[in-house]
Amino acid sequence: MLTPGLEFGTNEHLFIEGCDVAELVKEYSTPLYVMNENLIRSNCKRYTKFISENFKDGSFPCFASKALSCLEIYRIMKEEGMGVDVVSGGELYTALKAGFPADRIFFHGNNKTSDELEFALKNGIGRIIVDNLTELHTLNKIATENNLKVKIGLRIKPGIDAHTHDYIRTGQIDSKFGFAIENGEAMEAVKIALTYNNLVLTQLHCHIGSQIFDKTPFCDAVKVMLGFISDIHNETGMWISELNIGGGLGAKYTDADTPLEIEDYLAPVADTLHNFCKENNIPEPDFHIEPGRSIVGEAGTTLYTLGAIKDIKDVRTYISVDGGMADNIRYALYNAEYTVINASRNTGKVMDNITIAGKCCESGDLIQEGISLVNPQVGDILAVLTTGAYNYSMASNYNRITKPAMIMVKDNTHRLVIKRESYDDLIKNDI
Ligand code: LLP
């Protein structure tokens, strides 16, 4: 399979948004993260359009920037009218430095430090999504000391775990994130929040998992959360005005993946929300979601140069590339599947049962196993598809490997958005 924007040219090279990968590699070297800007922007537009047309006025999608955090992505999100979700002081700092509007930033995390909370409050961040009682107390203290009224959300465990195709509806208490509904801790948190004069509870938030292909768990989450909003009203007389159901829509990594189109995921969610509110006399809340992978995942391609070929007779063939777990840890960490192609040629004898290995000093440093490649030769460019989410953002300097550069390609043009790290960058904090 090829992701949108990718095609082979008559010279047998892979082209990304009209750019020949051989030219890109000549200019920027490898490993190289290549992002398709048109695809990122069109995904954003599909989310913002559907949400503005189908939900209450204050509704908007937030890009989950843990999937990809750098100055340029926040600039793009700002231009596309998105909100963003951040989970650390570092992501927040990057968003602010990019000029992202503070009131459209939602701050998540199960252990935000006092410093991070103070930093967020000083900068007027839109919502702090509070994860636990310790944070609730700390936040109120900081807000009181600074004489601020802070809008907050509460992270709720709706009892739906959709990490697999078969999802579980209850018994998800054992998670480090949020307050469970089923044992009463969520209601207790609501009541405590309401006693705090410097906190204004506006939002309930949940996130049921990632790389989800089925609309049903999202619809069920909406019902559970609206049911809880109704319970809160019955017990306290207050209506929660914002519902945020997090991220989770899947991306296509291989032919086996069948993610829903953005509209096919949102339409049943919208129907569920409208019907449930109507049937239960609940005033419709503003609606938020936090897609990460489904916005940037398929927009990313990583280019490597093929190095050593090691054919171990009757065992397997290792083909090593000039990157690996330092720039894409997802196979080592999750056995995540990827499509890998030879970007230098698309005709010739196909070699099967290949293991793509990285260059780290670690046996588990593999990019993929059991794949086929068209006539791989030393010096060829290999492309790993769908690397736009959770690749650069999870990259490390293991073995003192420098992080790759990232470029944006758009309408036959390309531009650098993250410089390749230098050896000097590696030692700049060493004393
Ligand atoms: N909102 C919250 C609160 C989240 O925890 C996440 C992801 C998202 C939104 C975005 O979810 P998405 O739309 O991207 O599925 N490192 C893993 C993924 C971890 C996702 C964690 N939370 C991976 O590489 O697959």
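Asks: Please clarify how the overall build of the protein chain should be interpreted in this entry.
Replies: Each helix and strand counted, the protein chain has twelve helices and 21 strands in total. Relative to a compact globule of 431 residues, whose C-alpha radius of gyration would be 22 Å, the protein chain shows 23 Å and is just as compact. For the protein chain, buried positions account for 54% of its 431 residues. A fraction of 69% describes how many contacts in the protein chain between residues 6 or more apart in sequence connect residues 24 or more apart. By element, 48% of the accessible surface of the protein chain is carried by carbon and sulfur atoms, the whole surface being about 18,400 Å². Charge separation in the protein chain, taken as the distance between the mean sites of 41 positive and 58 negative side-chain charges, equals 3 Å.

Asks: Even after reading the chapter, I still don't get the site of the ligand, so can you show me in this structure?
Replies: Neighbouring the ligand are 17 residues, the closest being Ser-210, Glu-290, Arg-293, Arg-330 and Tyr-390. Separating an oxygen atom of the ligand from a backbone N or O atom of Gly-248 is a distance of 2.9 Å. The side chain of Arg-330 places a nitrogen or oxygen atom 2.6 Å from an oxygen atom of the ligand. In isolation the ligand exposes 590 Å². Once the protein is present, 86% of that is buried.

Asks: So what exactly am I meant to see when it comes to helix α8 (residues 216–236) here?
Replies: It helps to recall that an α-helix has 3.6 residues per turn; residues three or four apart then point in one direction. With 21 residues, α8 should reach 30 Å at 1.5 Å per residue; the first-to-last C-alpha distance of 30 Å fits that figure. One or two positions beyond α8, positive phi appears at Gly-237, with a value near 85°.

Asks: When you look at the nonpolar core in this model, what are you seeing that I'm missing?
Replies: What tends to happen in soluble globular proteins is that the nonpolar side chains get buried as a cluster. Core analysis: the biggest nonpolar cluster contains 93 residues, and Ile-40, Ile-152 and Leu-154 have the highest contact counts within it. Of the residues forming this core, the biggest block, nine residues, is contributed by α8. Excluding residues that lie within four positions of it along the chain, Leu-154 makes contacts with Ile-129, Val-130, Leu-136, Phe-179, Ala-189, Val-190, Leu-201, Gln-203, Leu-204 and His-205. Ranked by size, the runner-up nonpolar core spans 19 residues in total, among them Cys-19, Val-21, Ala-405 and Val-409.

Asks: Please explain the side chain of Glu-135 as it appears in this structure.
Replies: Mapped onto the secondary structure, Glu-135 falls in helix α6 (residues 133–145). Judged by its relative accessible area of 4%, Glu-135 is buried. Within the structure, Glu-135 has its side chain in polar contact with the side chain of Lys-112 (distance 2.7 Å). Here Glu-135 is in contact with Gly-109, Lys-112, Leu-117, Ile-128, Ile-129 and Val-130, once residues within four sequence places are set aside.

Asks: Would you take a moment to explain the environment of Ala-383 for this structure?
Replies: Secondary-structure assignment places Ala-383 in strand β19 (residues 381–385). Distance from Ala-383 to Leu-32, taken between C-alpha atoms, is 9.5 Å for residues 351 residues apart in sequence. The residues contacting Ala-383, other than those within four sequence positions of it, are Leu-14, Thr-301, Thr-302, Leu-303, Thr-339, Val-340, Ile-341 and Ala-343.

Asks: Explain the sheet that holds strand β2 (residues 14–16) here, please?
Replies: Remark on secondary structure: sheet strands pair via backbone hydrogen bonds, oriented parallel or antiparallel. With antiparallel pairing, the three strands of this open sheet are ordered in space as β1-β2-β3. Strands with a single pairing partner mark the edges of an open sheet, and in this sheet they are β1 (6–8) and β3 (19–20).

Asks: Mind showing me how you'd approach the pairing of strand β4 (residues 32–36) here?
Replies: Remember that side chains alternate between the two faces of the sheet whenever the strand is regular. The buried fraction of β4 amounts to five of the five residues, a majority that puts the element mostly inside the structure. Side-chain alternation along β4 places Leu-32, Val-34 and Asn-36 on one buried face and Tyr-33 and Met-35 on a second face that is also buried. Relative to strand β14 (residues 300–312), β4 is paired through four bridges, and the arrangement is antiparallel. Residue Leu-32 lies in a different strand from β14, and its bridge partner there is Leu-303. Pairing of β4 with strand β20 (residues 405–410) involves five bridges; the strand directions are parallel. Following the sheet pairing, Val-34 is matched in β20 by Ile-407.

Asks: How should the packing of aromatic side chains be read in this particular structure?
Replies: Think of a pair of aromatic rings as described by two things: how far the centres are apart, and how the planes are tilted against each other in angle. All told, the structure shown has five aromatic pairs when counted by the stated rule. Taken together, a centroid distance of 5.8 Å and an interplanar angle of 85° make the contact between Tyr-33 and Tyr-392 edge-to-face. Of this pair, Tyr-33 sits in strand β4 while Tyr-392 is found in the loop between β19 and β20, placing the two residues 359 residues apart along the sequence. For the pair Tyr-33 and Tyr-392, one class covers both residues: buried. For the ring pair Phe-55 and Phe-287, a centre distance of 4.1 Å and an interplane angle of 15° mean the geometry is stacked. One end of the pair, Phe-55, is in the loop between α2 (37–54) and β5 (60–64); the other, Phe-287, is in strand β13 (residues 286–289), with 232 residues separating them in the sequence. The pair Phe-55 / Phe-287 is uniform in exposure class, with both members buried. The ring of Phe-60 carries Arg-104 above its face, with NZ or CZ at 4.0 Å from the centroid. Here Lys-112 stacks its cationic end above the ring of Phe-107, 5.8 Å away from the centre of that ring.

Calculation criteria
Residues numbered from 1 in each chain as written. Predicted model: local features only at pLDDT ≥ 70, side-chain atom pairs only at ≥ 80, totals over all residues. Heavy atoms only, no water. Helix = DSSP H or I, 4+ residues; strand = E, 2+ residues; numbered from the N terminus. Rg over C-alpha atoms; globule rule 2.2 N^0.38 Å. Buried < 20%, exposed > 50% of the residue type's maximum accessible area, 1.4 Å probe, protein only. Contact = heavy atoms within 4.5 Å. Areas by Shrake-Rupley, 256 points an atom, 1.4 Å probe, with all protein chains shown as cover. Lys, Arg positive; Asp, Glu negative; His and termini not counted. Charge placed at Lys NZ, Arg CZ, Asp CG, Glu CD. Near = heavy atom within 4 Å. Polar contact = N/O pair within 3.5 Å; in protein donor to acceptor, adjacent residues only side chain to side chain. Expected span 1.5 Å × (residues − 1). Core = buried A, V, L, I, M, F, W, Y, C linked by side-chain atoms within 4.5 Å. Pairing = 2+ DSSP bridges. Phe/Tyr/Trp six-rings, centres within 6.5 Å; stacked < 30°, edge-to-face > 60°. Lys NZ or Arg CZ within 6 Å of the ring centre and 35° of its normal.

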